[in-house]
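# Structure assessment
Listed below are the residues making up each chain.
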Amino acid sequence: MQYTCVEQGALEGFCQQVFRAHGLAAPDAELAARVLVNSDARGIPSHGVARLPRYVRGLKAGSILTDAKPKLIHETPLSLVLDAQGGMGTTVSQQAMDAVIAKACEHGAGFATVRDSNHFGIAAWYAMQALPHDLIGIAMTNTAALGVPTHGRQCMFGTNPIAFAAPADREKAFVLDMSTTAVTRGKLEVYGRQNTPLPTGWAAAPDGGDAHDAPSLLESMNIYAGGGLHPLGGAGTEFGGHKGYGLAVMVDILCGALAGHGFGRHLHDTPGSTGRVGHFFAAFRIDLFRPADEFRQAMDQLLSDLRTSEPAAGHDQVWYAGLKEIQAQEAASREGVPVETGVIESLQALGEACGVTLAGIKEPSHA
């Protein structure tokens, strides 16, 4: 697989200018660009700049509204409900997470739901913002129906990611960011671009059997003709697929039913962009339970024990959630953000269409 590294500031600046060219206000464009590029920098290309054309299509089609202002629906000392009114998911989600952190710092815990929003990037972006405040952070979102339930073959829930972030002291923070399906649709798109067969266990074909051709499955999923992503754990119950299914429904409860938004099979993407979704955010103070410095020391012990445990044959080390991503992020800041060469070409075409040039491109490399 061939990648081209792009200087991080240049890549963010390019995305920001593209967003501005399609009507986003400067602060909203800057935030959206940072979230997208941060995903690639952390080694998550499925949610990175490859999604920029999808955002642009949404802005052009009006499924993402450039002039929407999040509306406060309800608020208590511990909670708030926001209506994004069809605006950028990153904008309203940042507002919600800021409020949750402020409530947690003052009252011990904070919770927020968001309705009528759009794609918000990687969930870890929001959960990690709790870390400097000695808070534990949580972020979730539902998505358009892309996953098939255990023993099913029709899409009935989204990839519905969950992020959980807890601070440590000397060790890197524990940052879990996972879909509740075996993989995300973005991963299918990556395999489709590379013309690579899908591994067994990732997805179901329209008849319920294993799907291996990414483009045909994506087309079937787009028109809800059957087939979709398996839950985390895969098909059936042998490897815990029913547990991933349960987690996906839990996210729909918090981001849909609790938020006063749609859920499950009632959420659909548009032909060119993502559909309207709901989010859930939470943060709580560690010192509600024990002194924060004691907790961070305990986290150091836990994470160090995991990291230094004996690896299996053929592997160099054991990782914990968030460690690979922070190392990738550190490398990206030094060497540039790795972007698939084919995605670079699509970005250049997108930029040419709106008079924006992608700068900071380095030599291609293989990975």
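Residues numbered from 1 in each chain as written. Predicted model: local features only at pLDDT ≥ 70, side-chain atom pairs only at ≥ 80, totals over all residues. Heavy atoms only, no water.

To continue, consider the side chain of H230. Considering the arrangement of structural elements, one finds H230 in the loop between β9 (228–229) and α8 (241–257). Apart from the residues within four sequence positions on either side, H230 is in contact with V148, T181, A182, G201, W202, A203, A204, D210 and A235. (Helix = DSSP H or I, 4+ residues; strand = E, 2+ residues; numbered from the N terminus. Contact = heavy atoms within 4.5 Å.)

Here the focus is a nonpolar patch on the surface. Where nonpolar side chains cluster on the molecular surface, the patch consists of Y245, V249 and I253 and spans about 240 Å² of accessible area. As for its placement among the helices and strands, Y245 is situated in helix α8. Residue class for Y245 comes out partly exposed when judged on its relative accessible area of 31%. (Patch = residues over 30% accessible without salt bridge, like charges linked within 9 Å, V, L, I, M, F, W, Y side chains within 5 Å. Areas by Shrake-Rupley, 256 points an atom, 1.4 Å probe, with all protein chains shown as cover. Salt bridge = Lys/Arg side-chain N within 4 Å of Asp/Glu carboxyl O. Buried < 20%, exposed > 50% of the residue type's maximum accessible area, 1.4 Å probe, protein only.)

Moving on, we get to the environment of I162. Along the chain, I162 turns up in strand β6 (residues 162–166). Among the residues examined, I162 registers a relative accessible area of 11% and is labelled buried. C-alpha of I162 to C-alpha of P149: the two residues are 13 residues apart in sequence and 18 Å apart in space. Once residues within four sequence positions are removed from consideration, I162 is found in contact with A139, M140, L176, D177, M178, T180, L247, M250 and V251.

It is worth spelling out the sheet that holds strand β4 (residues 109–117) at this point. Within the open sheet, the 7 strands sit side by side as β2-β3-β4-β10-β5-β6-β7. Their pairing is mixed. Looking at which strands have only one partner, the edges of the open sheet turn out to be β2 (71–75) and β7 (174–178). Here the average twist between neighbouring strands, direction ignored, is 10°. Inspection of the sheet shows β2 paired to strand β3 (residues 79–83) by 4 bridges, in the antiparallel sense. (Pairing = 2+ DSSP bridges. Axes fitted to C-alpha atoms, helices over the stretch in contact; angles between N-to-C directions.)

This part is about the environment of T196. Along the chain, T196 turns up in the loop between α6 (185–193) and β8 (203–204). Under the relative-accessibility criterion, T196 is labelled partly exposed at 30%. Taking the C-alpha atoms as reference points, T196 and A328, 132 residues apart in sequence, are found 24 Å from one another. Here T196 is in contact with Y191 and H212, once residues within four sequence places are set aside.

Another aspect to go through is empty space enclosed by the protein. Scanning the entire structure with this criterion turns up 3 cavities of 30 Å³ or more. Within this model, the largest cavity holds a volume of roughly 60 Å³. Together, L24, D28, L65, T66, A68, P70, A84, G87, M88, T91 and V92 line the largest cavity. Looking at the lining of the largest cavity residue by residue, the class counts come to 7 nonpolar, 3 polar and 1 charged. (1 Å grid on protein atoms, 1.4 Å probe; cavity = no way out; pocket = protein on both sides within 12 Å on 5 of 7 lines; lining within 4 Å. Points joined across faces, edges and corners; volume = space filled by probe spheres on them. Nonpolar A, V, L, I, M, F, W, Y, C, P; charged D, E, K, R; others polar.)

Turning our eyes to something else, we now look at the packing of helix α1 (residues 8–21) against helix α2 (residues 26–41). For any two helices packed against each other, the geometry is given by the interaxial angle and the distance between the axes. Axis separation between α1 and α2 bottoms out at 8 Å; the angle between their running directions is 135°. As far as their axial angle goes, α2 and α1 are oblique. Of the two elements, α1 crosses α2, and the hand of that crossing is right-handed. Contact residues: Q8, L11, E12, C15, Q16, F19 and R20 in α1; A26, A29, E30, A32, A33, R34, L36, V37 and A41 in α2. (Parallel < 35°, antiparallel > 145°, perpendicular 65-115°, else oblique. Left-handed = near helix turned anticlockwise from the far one by under 90°.)

Attention now moves to the domain arrangement of the protein chain. Entries for the protein chain in the domain assignment read domain 1 (1–60 + 335–351) and domain 2 (69–181 + 229–283). For domain 1 and domain 2, the distance between their C-alpha centroids amounts to 22 Å. Every contact between the two is made by 17 residues of domain 1 and, on the other side, 15 residues of domain 2. Taking both sides of the interface into account, the surface hidden between domain 1 and domain 2 amounts to around 1500 Å²; carbon and sulfur atoms contribute 68%. When residues of domain 1 are sorted by the area they lose upon contact with domain 2, L31, V35 and Y55 head the list and together hold 34% of the total. The tally of links from domain 1 across to domain 2 stands at 0 salt bridges. Remark: the boundary between domain 1 and domain 2 carries 3 residue pairs in polar contact (both at pLDDT 80 or more). For the side of domain 1 that touches domain 2, the secondary-structure elements that each account for two or more residues are α2 and α3 (52–61). (Domains from an automatic or database assignment. Buried area = accessible area lost by both parts, 1.4 Å probe. Polar contact = N/O pair within 3.5 Å; in protein donor to acceptor, adjacent residues only side chain to side chain.)

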